[in-house]
Structures are given as structure tokens and as C-alpha cells.
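In case you want the letters, here they are:
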Amino acid sequence: AGGKDADAEQAYNRALGLQEKLAAAAPDTPAYQQELARTRYNRGILYASGTDAQGPPRADQDFREAIRILDAVNRRASSAQARQDLSRAHNNLAVLRARDSSGFTDARTNYERAIALHRSLVADFPDNREYKSELVQFLNNYSDLRRELGEYEPARDVNAQALALMDDLVRPAPTLGIEQADTFNLRGRILQAEGSPDAIGQYRRALDLFKDLEKGAADRPDNGVDRVPG
């Protein structure tokens, strides 16, 4: 594993050397800055996951540098990708800092920043499942930190927000739900034609799915956009 980590570090170092030159030559090109920041936080993940005692401080440095670069990018020309990268960098730094109680305060700040950024992404792109899934992860991380701090009621509240998002993620899209119900209905007809008593069970499953779809449509806001819990 150590050899693979060393190879990966060398690859990141080579990439950083090239990306730093590109970013310096074209400081007003956000894509170069974002790629540079992404490589920094990816190398930080490598350092954070290793066994070298110098890994955590090196990871800390990489995460903070990625945040610095991406903050500047978002101030000049914010984009969804830049916000997502910045949010991930804040979460990565928070996870690292939360390893030790001395870093809990710093972890809290970074989790809150990551969550705020991802909330804005979910609000702007309500149909993007990746943003919602990552927000669930960040909320769970933050909830666990609040638990570690003995802040049980806030931990439950944050966890409830994650669960609400998960309910939305696991709910089938209406078209898929209809297709699924139709498939069970067809299976029921096949079994009925064979004279099997199991047909009733398949019809019931199809009916339950149609009822769930009807309920989901009734619960959905008029504008068709699910609201992320506040």
C-alpha cells in the first residue's frame, strides 16, 4: 500500500507542477484554478488516509490551499462546479479536524460552510441527485460531530434533515414508479392466466405502488420542487 501511495503522491505532484504553471499564466481562467484546487484536495485525501505521521498536517495544508483557491474563484465567477468543489474541500477539512477534540470548533465551521454551499446547489438544481446525496453525507458528518460535542438535540435535528433528503432520494421518479407498478400488474396477469393464487399478491403490490405514487403527487409542492428542510 505504501508503494501505491508513493506513486500516487508523485503523480499528484507532477500534476500540480503543470497546473500551477497554467494557473499562474492565466490567472483569470477559472478552469485552471479549479483543476489546481481539485488536485490539492485530492492529494490531501491521500495524505489524510495514510499512516505517515506527517500525513494529517500535509492534508490540512492541501485542504486549506484548495479552499483559498476556490474561494477566490467563487468570488470572481461562481459556478456550480466551483461551489461543489469548495463544499467538498470544506467537508474534507472538517473530517480531518474532527479526528481530535482540539479541532472540533474548526470542524464545525467547515461543516457548516460545506452544508451552506450544498444547500445552495440543491436549491438551484433540485433535480440533481448527486448534490442531494452529498448534502446527506455532509449533514450526517455534522450530526455526528454535534453528537460528539454532547449537543444531542441539534444532532437529532441535523440527522432529521438528512433523513428527509434520503426519503426524497429513495422515492422513485414518477415515470419509473408507474413502470414498476405496470410490471407487477403484468406479472399478476401472467400468474392469473396460469391459474396461480400468487397473482393476487402481485396485483396488490401494483396497487400499493400506484397508491404511493398518488400520495407522492399530493405531497409534492405545487411548483414541483421538493423543499430542502431549513
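J.: I would appreciate a short explanation of the overall build of the protein chain in the present structure.
T.: A count of helices and strands for the protein chain gives nine helices and zero strands. Its C-alpha radius of gyration of 23 Å places the protein chain more than 25% over the 17 Å reference for a compact globule of 230 residues. C-alpha extents for the protein chain along the principal axes are approximately 70 × 40 × 40 Å. Within the protein chain, the fraction of its 230 residues that count as buried is 37%. For the protein chain, the proportion of contacts with a sequence separation of at least 24, taken over those separated by at least 6, is 58%. Carbon together with sulfur atoms contributes 51% to the accessible area of the protein chain, which is approximately 13,300 Å² in total. Here the protein chain contributes 32 positively and 36 negatively charged side chains, and the mean placements of these two sets differ by 2 Å.

J.: How should I be thinking about the packing of aromatic side chains in this particular structure?
T.: By convention here, two paired aromatic rings are described through the distance between centres and the angle between planes. Tallied over the full model, the rule gives two aromatic pairs. Between Tyr-111 and Tyr-142, the aromatic rings sit 6.2 Å apart at their centres with planes inclined by 50°, giving tilted as the arrangement. Separated by 31 residues along the polypeptide, Tyr-111 in helix 5 (residues 104-124) and Tyr-142 in helix 6 (residues 129-148) bring together distant segments of the chain. The class of Tyr-142 is buried, set by a relative accessible area of 6%.

J.: Would you explain the packing of helix 4 (residues 80-97) against helix 5 in this entry?
T.: Working note: a packed helix pair is described by the angle between its axes plus the distance between those axes. Put simply, helix 4 and helix 5 touch, their axes get as near as 8 Å, and they point 155° apart. One way to sum up the angle between helix 4 and helix 5 is to call them roughly antiparallel. The handedness of the crossing between helix 4 and helix 5 comes out as left-handed. Facing Ala-80, Arg-83, Gln-84, Leu-86, Ser-87, His-90, Asn-91, Leu-93, Ala-94, Val-95 and Arg-97 of helix 4, the residues of helix 5 in contact are Phe-104, Asp-106, Ala-107, Asn-110, Tyr-111, Arg-113, Ala-114, Leu-117, His-118, Ser-120, Leu-121 and Asp-124. Taken together, the residues of the contact of helix 4 with helix 5 sort by class into 11 nonpolar, seven polar and five charged.

J.: In this structure, what is going on with the side chain of His-90? I would like to understand it.
T.: Tracing the backbone shows His-90 in helix 4. What makes His-90 buried here is its relative accessible area of 7%. Reaching out from His-90, the side chain makes a polar contact with the side chain of Asn-110 at a distance of 2.7 Å. Excluding its chain neighbours within four sequence positions, the residues that come into contact with His-90 are Ile-67, Asn-110, Arg-113, Ala-114 and Leu-117.

J.: For this particular structure, what's the right way to read the nonpolar core?
T.: Counting 20 residues, the largest nonpolar core has Tyr-111, Ile-115, Leu-135, Leu-139, Tyr-142 and Leu-145 as its most contacted members. Of all the secondary-structure elements, those providing two or more residues to this core are helix 4, helix 5, helix 6 and helix 7 (152-170). Residues within four places of Leu-145 in sequence aside, it is in contact with Ala-98, Phe-104, Ala-107, Arg-108 and Tyr-111. Of all hydrophobic cores here, the second largest spans 18 residues; its members include Tyr-47, Ala-59, Ala-89 and Leu-117.

J.: Which parts of the structure should I look at to understand the pattern of salt bridges?
T.: By the definition in use, this model includes 17 salt bridges. The shortest N-O distance in the salt bridge between Arg-88 and Asp-85 comes to 4.0 Å. Of the two residues, Arg-88 and Asp-85 are both situated in helix 4; the distance of three residues between them amounts to about one turn of the helix. When salt bridges that share partners are traced, they join Glu-35, Arg-38, Asp-85, Arg-88, Glu-130 and Glu-134 into one network.

About the thresholds
Residues numbered from 1 in each chain as written. Predicted model: local features only at pLDDT ≥ 70, side-chain atom pairs only at ≥ 80, totals over all residues. Heavy atoms only, no water. Helix = DSSP H or I, 4+ residues; strand = E, 2+ residues; numbered from the N terminus. Rg over C-alpha atoms; globule rule 2.2 N^0.38 Å. Buried < 20%, exposed > 50% of the residue type's maximum accessible area, 1.4 Å probe, protein only. Contact = heavy atoms within 4.5 Å. Areas by Shrake-Rupley, 256 points an atom, 1.4 Å probe, with all protein chains shown as cover. Lys, Arg positive; Asp, Glu negative; His and termini not counted. Charge placed at Lys NZ, Arg CZ, Asp CG, Glu CD. Phe/Tyr/Trp six-rings, centres within 6.5 Å; stacked < 30°, edge-to-face > 60°. Axes fitted to C-alpha atoms, helices over the stretch in contact; angles between N-to-C directions. Parallel < 35°, antiparallel > 145°, perpendicular 65-115°, else oblique. Left-handed = near helix turned anticlockwise from the far one by under 90°. Nonpolar A, V, L, I, M, F, W, Y, C, P; charged D, E, K, R; others polar. Polar contact = N/O pair within 3.5 Å; in protein donor to acceptor, adjacent residues only side chain to side chain. Core = buried A, V, L, I, M, F, W, Y, C linked by side-chain atoms within 4.5 Å. Salt bridge = Lys/Arg side-chain N within 4 Å of Asp/Glu carboxyl O.

On their own, these measurements won't tell you what the molecule is for.
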